[in-house]
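Architecture and fold: a report
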Amino acid sequence: MKNVDFLIIGGGIAGVSAAARLAPHGTTALLEAETSLAYHASGRSAALYEPHYGPPAIVELSLASGAELGAMGVLSPRGVMLVAAPEEIEAFDAEADQMNMPLIDPEAAVAAFPALDPARVARAAKADHAQDIDTDLLIQTHRKTARSHGAEILTGAPVAAVMRQGGRWQVTSGQGEFSARVLVNAAGAWADVIARMAGVAPLGIQPKRRSMARIPAPGGLDVSGWPMLLGMNEGWYAKPDAGAMIVSPSEADPAEPHDAWPDDMVLAEGLARYEAMMRFPVTRMIASWAGLRSFAPDGSPAYGRDPDQPDFIWFAGQGGYGFQSSAAAASFIADTVLGRPTDATLARRLDPARFR
């Protein structure tokens, strides 16, 4: 049995960033069920820093994360653009305003993303504040930081049992048994599963599938300098990626926790919506995959102490915003665990007790 101060369950961006923040303050171990870190949702992210995207708590955390992510060298220019077809004009202004995106002429939109069909672009808005995130570098930087402070980062360590005994958490995993003063639940789609194991009431964390297709660069064009492109009402998005394009139908279909795969029909429908705005047809897919983004019932994350078990810390429900908000989110979790002051308004927005 290994005794630690802080035991973190989950090796995605939430768990690894929490380990990096907590390790300087006490003995820390992280358990990841898969054989590598960031295997599920974190490994299947669109990898974009768009700080004005998401519910208010996420926007606040994302804006607060920008400077640190930039200093870590994980951000690079990308930009983001919203386009509307003639039949979508009515809702366009509100959506562009919500994402803090200035209006541009349709001609400028086509110049920025030359695969667009000029006849289909009725309105457009573009912002330069969106940036690519080197997600692998970010994960590995947090891993290195945590380990430099003595943290154990264990993969291939599925949790089999969790119990409260003697004022501590007793956890049985594929890498041995642990006794911890504080348990951080950063298990993503499995957050409620871990809670039930621990005898803690679940919050209603709901995994939702999102699919991706990788397709050749439209028309063989150089896409490297193009912005990420969003369809209206989150109907689809497209993003340049290593000389090709990733396209998502932006679905949010409820699912059970599992190693997700795309639904062929959903993917086809999303590709059709994307293709309807383009002057080049989609001729083939290079690859496809899916991930599970997990949401609390009101769409905002659940970060903080469980109201019934104060040493059980929820770090769950990031939705699709985990990477872009990770720096401030990890600081909030560390402050909560260590008993340091946090912003009262933000804490209320994130408090898991709001679901009880």
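Residues numbered from 1 in each chain as written. Predicted model: local features only at pLDDT ≥ 70, side-chain atom pairs only at ≥ 80, totals over all residues. Heavy atoms only, no water.

A separate point is the overall build of the protein. Helix and strand counts for the protein stand at nine helices and 21 strands. In terms of overall size, the protein behaves like a compact globule, its C-alpha atoms giving a radius of gyration of 21 Å where 356 residues would be expected to give roughly 21 Å. Here the C-alpha coordinates of the protein stretch approximately 70 × 40 × 35 Å along the principal axes. Taking as baseline every contact in the protein between residues at least 6 positions apart, the subset at least 24 positions apart corresponds to 73%. (Helix = DSSP H or I, 4+ residues; strand = E, 2+ residues; numbered from the N terminus. Rg over C-alpha atoms; globule rule 2.2 N^0.38 Å. Contact = heavy atoms within 4.5 Å.)

Let's shift gears to the packing of helix H1 (residues 13–22) against helix H8 (residues 326–338). As a packed pair, H1 and H8 sit with axes 9 Å apart at the nearest point and diverge in direction by 55 degrees. As far as their axial angle goes, H8 and H1 are oblique. Crossing handedness for the pair H1 and H8: right-handed. Contacts between H1 and H8 involve Ile13, Ser17, Ala18, Arg21 and Leu22 from the former and Ser326, Ala327, Ala330, Ser331, Ala334, Val337 and Leu338 from the latter. Here the contact of H1 with H8 is built from residues that sort into eight nonpolar, three polar and one charged. (Axes fitted to C-alpha atoms, helices over the stretch in contact; angles between N-to-C directions. Parallel < 35°, antiparallel > 145°, perpendicular 65-115°, else oblique. Left-handed = near helix turned anticlockwise from the far one by under 90°. Nonpolar A, V, L, I, M, F, W, Y, C, P; charged D, E, K, R; others polar.)

With that settled, consider the pattern of salt bridges. Taken as a whole and judged by the stated rule, the model has 19 salt bridges. We note a salt bridge from Asp253 to Arg209, for which the minimum N-O separation is 2.5 Å. Taken together, the residues Asp253 in strand E17 (residues 253–254) and Arg209 in strand E13 (residues 206–216) connect sequence positions 44 residues apart. When its relative accessible area of 14% is taken as the criterion, Arg209 is described as buried. Arg214 serves as the salt-bridge partner of Asp241, at 2.3 Å between the closest nitrogen and oxygen. (Salt bridge = Lys/Arg side-chain N within 4 Å of Asp/Glu carboxyl O. Buried < 20%, exposed > 50% of the residue type's maximum accessible area, 1.4 Å probe, protein only.)

With that settled, the discussion passes to the packing of aromatic side chains. On inspection of all chains with the given rule, the structure shows six aromatic pairs. Relative to Tyr274, the ring of Trp236 has its centre 5.7 Å away and its plane inclined at 75 degrees; by these criteria the two rings are edge-to-face. Separated by 38 residues along the polypeptide, Trp236 in the loop between strand E14 (228–230) and strand E15 (237–241) and Tyr274 in helix H7 (residues 264–275) bring together distant segments of the chain. Note on accessibility: Trp236 and Tyr274 belong to one class, buried. Consider the rings of Tyr303 and Phe315, whose centres lie 4.8 Å apart with planes at 80 degrees: the pair is edge-to-face. Residue Tyr303 is found in strand E19 (residues 302–305), and its partner Phe315 is found in strand E20 (residues 312–316); the two are separated by 12 residues along the sequence. (Phe/Tyr/Trp six-rings, centres within 6.5 Å; stacked < 30°, edge-to-face > 60°.)

Now for the environment of Ala260. Examined against the element boundaries, Ala260 turns out to sit in the loop between E17 and H7. Remark: the alpha-carbon pair of Ala260 and Leu292, spanning 32 residues in sequence, is separated by 6.6 Å. Non-local contacts of Ala260, meaning those with residues more than four positions away in its chain, are made with Arg44, Ala290, Gly291 and Leu292.

Here we come to the UniProt feature "domain: FAD dependent oxidoreductase" (unreviewed entry) in the protein. Residues annotated by UniProt as "domain: FAD dependent oxidoreductase" (unreviewed entry) correspond here to residues 5–335. For the annotated span residues 5–335, helix accounts for 25% and strand for 31% of the residues, and the straight-line distance between the end C-alpha atoms is 15 Å. (UniProt positions renumbered as here; feature names shortened; annotations may be inferred.)

Let us look at the nonpolar core. Formed by 39 residues in total, the largest nonpolar core has its most connected members in Ile8, Val184, Tyr303, Phe315 and Val337. Counting only elements with at least two residues in this core, the list comes to strand E1 (2–9), H1, helix H2 (56–71), helix H5 (135–148), strand E12 (176–185), E20, H8 and helix H9 (344–350). If near-sequence neighbours (up to four positions away) are discounted, Tyr303 is found in contact with Leu61, Trp314, Phe315, Ala316, Gln318, Ala329, Phe332, Ile333, Leu350, Asp351 and Pro352. In terms of nonpolar packing, the next biggest core, distinct from the first, is built from 27 residues, Ala29, Leu31, Ala187 and Val200 among them. (Core = buried A, V, L, I, M, F, W, Y, C linked by side-chain atoms within 4.5 Å.)

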